[in-house]
Amino acid sequence: MTEKTCTKPTCQKTKPLEEFPKNPLMRDGRGSWCKECNAEYQREWRKRNPEKVEKYRRNWEDQNRAHRNEYQRKQYRKRKNGGEE
């Protein structure tokens, strides 16, 4: 099987398997909606749920503060040195 049909009602297009996200729970190892439809759905969901997005972001930042700080330090040094670390 090299192609699959997107099951989102507004799409229903047959596309190559590479255009479907990996999903080990599915029989063929790929999701039922194509990547394009998934991305569109995620954008719309984030627009409808800004409070949930913000809560998730703050929670992630709290749990990954050290990682985030180190990343920001690296970016600062990179900009300060003209793109080199």
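Residues numbered from 1 in each chain as written. Predicted model: local features only at pLDDT ≥ 70, side-chain atom pairs only at ≥ 80, totals over all residues. Heavy atoms only, no water.

As a working rule, side chains carrying opposite charge can pair if their charged atoms are close by. Tallying each qualifying case throughout the model produces ten salt bridges. A salt bridge links Arg58 to Glu54; its shortest N-O distance comes to 2.8 Å. In this pair, Arg58 and Glu54 both sit in helix α2 (residues 50–63), four residues apart, roughly one turn of the helix. Given the relative accessible area of 27%, Glu54 is considered partly exposed. It is possible to trace a salt-bridge network through shared partners that takes in Glu54, Arg57, Arg58, Glu61 and Arg68. (Salt bridge = Lys/Arg side-chain N within 4 Å of Asp/Glu carboxyl O. Helix = DSSP H or I, 4+ residues; strand = E, 2+ residues; numbered from the N terminus. Buried < 20%, exposed > 50% of the residue type's maximum accessible area, 1.4 Å probe, protein only.)

The N-to-C vectors of α2 and helix α3 (residues 65–80) enclose an angle of 85°; their axes lie 5 Å apart at closest approach. Classified by the interaxial angle, the pair formed by α2 and α3 is roughly perpendicular. Only Arg65, His67 and Arg68 of α3 make contact with α2, whose side of the interface consists of Trp60, Glu61, Asp62 and Gln63. Classifying every residue of the contact of α2 with α3 by side-chain character gives one nonpolar, two polar and four charged. (Axes fitted to C-alpha atoms, helices over the stretch in contact; angles between N-to-C directions. Parallel < 35°, antiparallel > 145°, perpendicular 65-115°, else oblique. Contact = heavy atoms within 4.5 Å. Nonpolar A, V, L, I, M, F, W, Y, C, P; charged D, E, K, R; others polar.)

Of all hydrophobic cores here, the largest spans five residues; its members are Cys6, Cys11, Phe20, Cys34 and Cys37. Beyond its immediate sequence surroundings of up to four residues, Phe20 is in contact with Lys4, Thr5, Cys6, Lys15, Arg30, Gly31, Ser32, Trp33, Cys34 and Lys35. (Core = buried A, V, L, I, M, F, W, Y, C linked by side-chain atoms within 4.5 Å.)

With that out of the way, let us pick up the packing of aromatic side chains. Evaluation of the coordinates by the stated rule reveals one aromatic pair. Ring centres 5.7 Å apart and planes at 80° place the aromatic pair Trp33 and Tyr41 in the edge-to-face group. The positively charged end of Lys4 is found above the aromatic ring belonging to Phe20, 5.7 Å away from the centroid. Its guanidinium or amino end placed over the ring of Trp33, Lys8 lies 5.1 Å from that ring's centre, counting from NZ or CZ. (Phe/Tyr/Trp six-rings, centres within 6.5 Å; stacked < 30°, edge-to-face > 60°. Lys NZ or Arg CZ within 6 Å of the ring centre and 35° of its normal.)

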